[in-house]
Amino acid sequence: TPPLTPLGARRGHALLASRKLFTVAGYALATVSLLPVHSLRAASPWASTALFSACNAGFALAPTGFKSNYLDITQRYVGIVAGYGNTLGTLASIAGPKLTAWTLEATQQNWYVVIGMVCAANVVAAANYAKNAVAVPIEELVEEKQV
């Protein structure tokens, strides 16, 4: 996040490292909070509500890394990269509910499978971001390799 960037820099934290930290921490918080939600539904609606709220807080924290990263990926094709990212997000918001409905029908309403799929997607997304995120435009990386 821009207001926190100078603070992190003064403390010696690299921009990419802080983005990775926030994104991975967000996905981890979402995963850990979501896993027990269905199990605790009968125990207390307050527990499930608190966990679901923590899960949403994790989903709110995760984009601080990857949304700002759109602008760092390329200097020449920022619009195209942002368009692809937004298109993928839109397609996921269309396919997600359909996949959820299909999974529930195929598993006799087993929410553990649905929650497991969401948590698995979070783990894959966090690992992919932690491994592949960049804070230097691709054009510069290609030029460095050519030299």
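See above for the structure.
Reading the values: the criteria
- Residues numbered from 1 in each chain as written.
- Predicted model: local features only at pLDDT ≥ 70, side-chain atom pairs only at ≥ 80, totals over all residues.
- Heavy atoms only, no water.
- Helix = DSSP H or I, 4+ residues; strand = E, 2+ residues; numbered from the N terminus.
- Buried < 20%, exposed > 50% of the residue type's maximum accessible area, 1.4 Å probe, protein only.
- Contact = heavy atoms within 4.5 Å.
- Areas by Shrake-Rupley, 256 points an atom, 1.4 Å probe, with all protein chains shown as cover.
- Expected span 1.5 Å × (residues − 1).
- Bend = angle between axes of the 7 residues up to and from the residue.
- Patch = residues over 30% accessible without salt bridge, like charges linked within 9 Å, V, L, I, M, F, W, Y side chains within 5 Å.
- Salt bridge = Lys/Arg side-chain N within 4 Å of Asp/Glu carboxyl O.
- Axes fitted to C-alpha atoms, helices over the stretch in contact; angles between N-to-C directions.
- Left-handed = near helix turned anticlockwise from the far one by under 90°.
- Nonpolar A, V, L, I, M, F, W, Y, C, P; charged D, E, K, R; others polar.
- Disulfide = S-S within 2.5 Å.
- Polar contact = N/O pair within 3.5 Å; in protein donor to acceptor, adjacent residues only side chain to side chain.

Undergrad: Just checking my understanding: could you explain the overall build of the protein chain for this structure?
TA: Scanning the protein chain for helices and strands turns up seven helices and zero strands. Of the regular secondary structure in the protein chain, the N- to C-terminal order runs α-α-α-α-α-α-α. When each of the 147 residues of the protein chain is scored for burial, the buried share is 22%. Look at the contacts in the protein chain between residues 6 or more apart in sequence, and 71% of them connect residues 24 or more apart. Here the protein chain has roughly 9600 Å² of accessible surface; of this, 69% comes from carbon and sulfur atoms.

Undergrad: Sorry, what's going on with helix H5 (residues 78-106) here?
TA: An α-helix turns once per 3.6 residues; consequently, residues spaced three or four apart project the same way. Its 29 residues place the ends of H5 41 Å apart at the C-alpha level, agreeing with the 42 Å of an ideal helix rising 1.5 Å per residue. Approximately 30° is the largest bend angle found in H5, and it occurs at alanine 95, with the proline proline 97 only one to four residues beyond. Among all positions in H5, only Gly85, Thr103 and Leu104 are buried. The positive-phi residue at the C-terminal boundary of H5 is glutamine 108, with phi of around 55°.

Undergrad: Would you take a moment to explain a nonpolar patch on the surface for this structure?
TA: On the surface, Leu99, Trp102, Val113 and Met117 cluster together to form a nonpolar patch covering roughly 380 Å² of accessible area. Elements supplying a minimum of two residues to the nonpolar patch: H5 and helix H6 (111-132). One can find valine 113 in helix H6. Classification of valine 113 as partly exposed rests on a relative accessible area of 31%.

Undergrad: I would appreciate a short explanation of the packing of H5 against H6 in the present structure.
TA: Any two packed helices are characterised by how steeply their axes cross, that is the angle between the axes, and by the distance between the axes. Two elements in contact, H5 and H6, have axes separated by 8 Å at closest approach and are oriented at 140°. Judged by the sense of rotation from one axis to the other, the crossing of H5 with H6 is right-handed. Across from Leu99, Thr100, Thr103 and Leu104 in H5, the residues of H6 making contact are Trp111, Val113, Val114 and Met117. Partitioned by chemical class, the residues of the contact of H5 with H6 number six nonpolar, two polar and no charged.

Undergrad: Explain the state of the cysteines here, please?
TA: One covalent bond between the sulfur atoms of two cysteine residues makes up a disulfide. Inspection of the entire model under this criterion finds zero disulfides. Summary of cysteine pairing: cysteine 55 is not part of a disulfide, and the nearest cysteine sulfur, belonging to cysteine 119, is at 7.3 Å. Owing to a relative accessible area of 5%, cysteine 119 belongs among the buried residues under this scheme.

Undergrad: Please explain the environment of serine 53 as it appears in this structure.
TA: Take serine 53: it is sitting in helix H3 (residues 45-61). Along the chain, serine 53 and serine 33 lie 20 residues apart, while their C-alpha atoms are 8.4 Å from each other. Here the side chain of serine 53 touches threonine 49 through a polar contact of 2.9 Å, landing on its backbone oxygen.

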